[in-house]
Amino acid sequence: MASKPLKTSNAGASAHNISIKDRLSGWGQQHQLVAVETLMKLLTKPLGSAMTWLVIAISLTLPGAMWMTLDNLSQLSNRFQASGSMNVYLQPGLNENDAQALLREIRTRDHVAAASYISATQALAEFRDSSGLGDALDLLPENPLPGVIVVEPDLGAPQNDVKGLADTLKTDGRVDDVELDAAWLDRLHALLALSERIVWVLGALLALAIVLVVGNTIRLSIASRVDEIRVIKLVGATNAWVRRPFLYTGLWFGLVGGLLSWVLLVVGWLLVSGPVEDLARLYGSEFELQPLGAGAALVLLLGAMLLGWIGSWWSVFRHLHQIEP
Amino acid sequence: MSMVRFEGVTKRYSDGRSGSKEALSQVDFELAKGEFAFLTGHSGAGKSTLLKLMMQMERPSKGQVYVDGVSLNTMKASQVPYLRRKIGVVFQNHQLLFDRTVFDNVALPLLIAGYQPAEAARRVRAALDSVGLLGFEHRNPIELSGGEQQRVGIARAVVNKPKLLLADEPTGNLDPELSEEIMNLFLRFQQVGVTVLIATHDIALIERMGHRRLVLDHGRLYEHSTQHASSAGDDHGL
């Protein structure tokens, strides 16, 4: 590499003797420099970008909070399903020994916490006591009630496995029918799925809003630096070089907006979790509102950065090539 | 081998009502490597257009432009930045950026070309030294006089050791004494092998300095006949 000062060296010949390695490391350093410079520029003039940060933060907090709520609700609903016990109605006239054998079989199955047998006679006695129809029941020629095995599934067993258990039992020759008290749970899950879909749609719309807001901010920033862009293009800047500071600015907008949104979500959680626990305690539940997990927070930040980057790309793509020296 | 060659170059600008206006008509000329030449002509004669064609800031309507043996007509847009790195330009209004120091202004072409900061800093100081502004690194160009700003512009144009140095009215705003100083600076770059083309209408200065003169008149280019013998080539190259 030519290292003599300009005054004495042959100026024409030494202009392009930069090694590939130097170029690469220069390129890396350039990225670092631009990254730090653009961040400093944003941080030293926080008022100018504060509106953009806030818009991004709010746009992220809204779907973020809804997602957090749904996440908590679906965890809660997972606990509910364990309370759905299963009634296995036996074939009428099944003898006592067969019923006891089936009971033992059921107890050895997966996901079964407990199972108890109520014989047809017991059932009739219970019914007689609770209904007050004693005399009328005596008129019946035979006991109309079947024997029942009441199955309590494991706490926290997945709903599909519990349903699977019910289906297998239904095919057993000794079983007449299986009743799973899960219709309300199905409805709850359907409702949660619908809400999740709504959160996605809302999230997509707000993501678009973030892209547009960042794009517009970058557009203004490009407009205010037209002269500078002309000059650096004149001294040989490639389009990538011109784009770089704007793309980093978009990335930082996303990051700061994402961080703000995370703070808002944590504050929201702090405000709400106390009352929610009080409410849960009134219902005799130990339920605690879970905060945003580390993974979800990371997704939030990376997503915000990606959106900021897309927004600036979109703006840079539309406006930068119009500026030629 | 020529540094710049124009072959039948015509440049028309479309003009709202009457179709188009011809800024350059059938221009043919060559600049040999290491040559020093002036480009003169009345304002609006097409001087700036001619310089812009070499920088790929404009494309010819007709004809061919070659810089350093490369045809610009077939050059891809992605290659234009690399062409511009071979060319240093000095403007009348110097085009400095006032949001950064003299050092950062001059270092710009080096950063763009991917120089290491240490090497870039060394070259920036060498370039500032060559224009007599060593010690001005940390000043903002807005604090400097017109002549000093112009010299910062020259330092930026030569810091990347270009093969070709173009100047568009570099002494337009300066008094005669400063103008001569700036011209002598350009001569020094020519002495180390840079091809220099200076567009100016400062006829008195050109007469004093000699060297080849290209004259533009309403878009047509003529060689000025009464030129002195110059050290670096004559009208038609070597």
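This one's a predicted model, so the numbers in the text were calculated from it and none came from an experiment.

J.: Please give an account of the overall build of chain B that cites residues and values.
T.: Summing up its helical and strand segments, chain B has 7 helices and 10 strands in all. Against the 2.2 N^0.38 benchmark of 18 Å for 238 residues, chain B shows a C-alpha radius of gyration of 18 Å, consistent with a compact globule. Taking all 238 residues of chain B together, 61% fall into the buried category. The long-range fraction of contacts in chain B, counting pairs at least 24 apart against all pairs at least 6 apart in sequence, stands at 69%. In the structure as shown, chain B presents an accessible area of about 9800 Å², 49% of it carried by carbon and sulfur atoms. Taken as two groups, the 28 positive and 27 negative side-chain charges of chain B have centres that lie 8 Å from each other.

J.: Could you give me a rundown of the overall build of chain A, with the residues and numbers involved?
T.: What chain A contains, in helices and strands, is 10 helices and 4 strands. Against the globule reference of 20 Å for 325 residues, chain A gives a C-alpha radius of gyration of 34 Å, more extended than a compact globule. The principal-axis extents of the C-alpha atoms in chain A amount to approximately 120 × 40 × 30 Å. A total of 325 residues make up chain A; the buried ones form 38% of that total. For chain A, restricting intrachain contacts to residue pairs at least 6 apart in sequence, the fraction spanning at least 24 positions comes to 80%. For chain A, the centre of its 24 positive side-chain charges and the centre of its 30 negative side-chain charges are spaced 28 Å apart.

J.: I'd love a proper account of unusual backbone geometry, names of residues and values included.
T.: Excluding glycine, residues mostly have negative phi values, and the peptide bonds linking residues are mostly trans. Residues and elements named next belong to chain B. Positioned with a positive phi, lysine 161 is a non-glycine residue whose angle comes to about 50°. Mapped onto the elements, lysine 161 comes out in the loop between α5 (146–158) and β7 (164–168). You will see that glutamate 169, though not glycine, has its phi angle at about 50°, which is positive. Here glutamate 169 is to be found in the loop between β7 and α6 (176–191).

J.: Mind laying out the packing of α5(B) against α6(B), listing which residues take part and the relevant values?
T.: Residues and elements named next belong to chain B. Viewed as axis vectors pointing N to C, α5 and α6 meet at an angle of 10°, and their least axial separation amounts to 11 Å. Judged on the interaxial angle alone, α6 and α5 are roughly parallel. Side by side, α5 and α6 meet where Gly147, Gln150, Arg151, Ile154 and Val158 of the first sit next to Leu178, Glu181, Ile182, Leu185, Phe186 and Phe189 of the second.

J.: Which residues make up a nonpolar patch on the surface, and what values go with them?
T.: Residue and element names in this part refer to chain A. Together, Leu259, Trp262, Val263, Val266, Val267, Leu270, Leu271 and Val272 make up an exposed nonpolar region whose accessible area comes to about 680 Å². By secondary structure assignment, the location of valine 267 is in helix α9 (residues 239–282). Classification of valine 267 by relative accessible area gives partly exposed; the value is 40%.

J.: Now, about the sheet that holds strand β1 (residues 86–90) of chain A: what can you tell me, with residues and values included?
T.: Residue and element names in this part refer to chain A. Spatially, β2-β3-β1-β4 is the arrangement adopted by the 4 strands of the open sheet, whose pairing is antiparallel. What marks the edges here is a single partner per strand, and that holds for β2 (112–118) and β4 (175–180). Adjacent strand axes in the sheet meet at a mean angle of 20°, parallel and antiparallel pairs treated alike. Across 4 bridges, β1 lies against strand β3 (residues 148–153) in antiparallel orientation. Pairing of asparagine 87 across the sheet is with valine 150, part of β3.

J.: Which residues make up the packing of helix α3 (residues 102–113) of chain B against α5(B), and what are the values?
T.: Residues and elements named next belong to chain B. Contact pair α3 / α5: the axes reach a minimum separation of 7 Å and the direction vectors enclose 30°. Between α3 and α5, the angle falls in the class roughly parallel. You can see that α3 and α5 cross each other, and the crossing is right-handed. Contacts from Val102, Asn105, Val106 and Pro109 in α3 reach Val152, Ala155 and Arg156 in α5. Tallied by class, residues from the contact of α3 with α5 come to 5 nonpolar, 1 polar and 1 charged.

J.: How would you sum up the nonpolar core? Please name residues and give values.
T.: In this structure, Val106(B), Val124(B), Ile154(B), Leu165(B), Phe186(B) and Ile198(B) are the most contacted members of the largest nonpolar core, which totals 42 residues. Elements represented by at least two residues in this core include exactly β3 (36–41), α3, α4 (117–130), α5, β7, α6, β8 (195–199) and α7 (203–209) of chain B. For Val106(B), the contacting residues outside a window of four places in its chain are Val124(B), Ala127(B), Leu128(B), Val152(B), Ala155(B), Arg156(B) and Val159(B). The next biggest cluster of nonpolar side chains, apart from the first, holds 35 residues, and it includes Ile56(A), Val231(A), Leu307(A) and Ile323(A).

J.: Lay out the sheet that holds β3(B) with the relevant residues and their values.
T.: Residues and elements named next belong to chain B. The 6 strands are arranged β6-β7-β8-β3-β9-β10 in an open sheet whose pairing can be described as mixed. Unpaired on one side and paired on the other, β6 (87–90) and β10 (220–223) mark the two borders of the sheet. Across the sheet, the mean angle separating the axes of adjacent strands is 20° when strand polarity is ignored. As defined by bridge partners, β3 adjoins β8 across 4 bridges and the pair is classed as parallel. If you follow phenylalanine 38 over to β8, its bridge partner there is isoleucine 198. Along the sheet, α5 contacts β6 and β7; its crossing angle with β6, the most-contacted strand, is approximately 170°.

Cut-offs used in this document
- In this numbering scheme, every chain counts its residues from 1 along its sequence in written order.
- Lettering for chains starts from A, numbering for ligands starts from 1, and both go in the order in which the items are written.
- Per-residue local features are limited, in this predicted model, to residues with pLDDT of at least 70; the limit for side-chain atom pairs, both in listing and counting, is 80 or more; totals at the level of whole chains, interfaces and linings are taken over all residues.
- Processing note: side-chain calculations cover all non-hydrogen atoms of the structure and skip hydrogens and water entirely.
- Helix and strand labels come from DSSP, where a helix needs a run of H or I of at least four residues and a strand needs a run of E of at least two; each type is numbered from the N terminus.
- Our radius of gyration looks at C-alpha atoms and nothing else; its globule reference is 2.2 Å times the residue count to the power 0.38.
- Only protein chains enter the accessibility calculation, which uses a 1.4 Å probe; a residue is then buried when its area is under 20% of its type maximum, exposed when over 50%, and partly exposed in between.
- Contacts are residue-level and defined by heavy atoms, with any inter-residue pair within 4.5 Å sufficient.
- The Shrake-Rupley method, run with a 1.4 Å probe sphere, supplies the accessible areas, and residue values consider only the shown protein chains as cover.
- Asp and Glu count as negative and Lys and Arg as positive, but His and the ends of the chain are not part of the count.
- The atoms used to mark charge sites are NZ of Lys, CZ of Arg, CG of Asp and CD of Glu.
- All axes are obtained by fitting lines to C-alpha atoms, using only the stretch in contact for helices, and the reported angles, taken between N-to-C directions, cover 0 to 180 degrees.
- Put simply, angles under 35 degrees are roughly parallel, angles over 145 are roughly antiparallel, angles from 65 to 115 are roughly perpendicular, and the rest are oblique.
- Surface patches are defined over residues having more than 30% relative accessible area and no salt bridge, joining like charges when they lie within 9 Å and nonpolar side chains (Val, Leu, Ile, Met, Phe, Trp, Tyr) when within 5 Å.
- The term salt bridge refers to a side-chain nitrogen of Lys or Arg lying within 4 Å of a carboxyl oxygen of Asp or Glu.
- Any two strands with at least two DSSP bridges between them are considered paired.
- Throughout, a crossing is termed right-handed when the near helix is turned clockwise from the far one, and left-handed when it is turned anticlockwise from it by less than a right angle.
- Each residue gets one label: Ala, Val, Leu, Ile, Met, Phe, Trp, Tyr, Cys and Pro are nonpolar, Asp, Glu, Lys and Arg are charged, and the others, such as Gly, are polar.
- Definition used in this section: a nonpolar core is a set of buried Ala, Val, Leu, Ile, Met, Phe, Trp, Tyr and Cys residues joined via side-chain atoms within 4.5 Å.

Keep in mind these values describe shape, not function.
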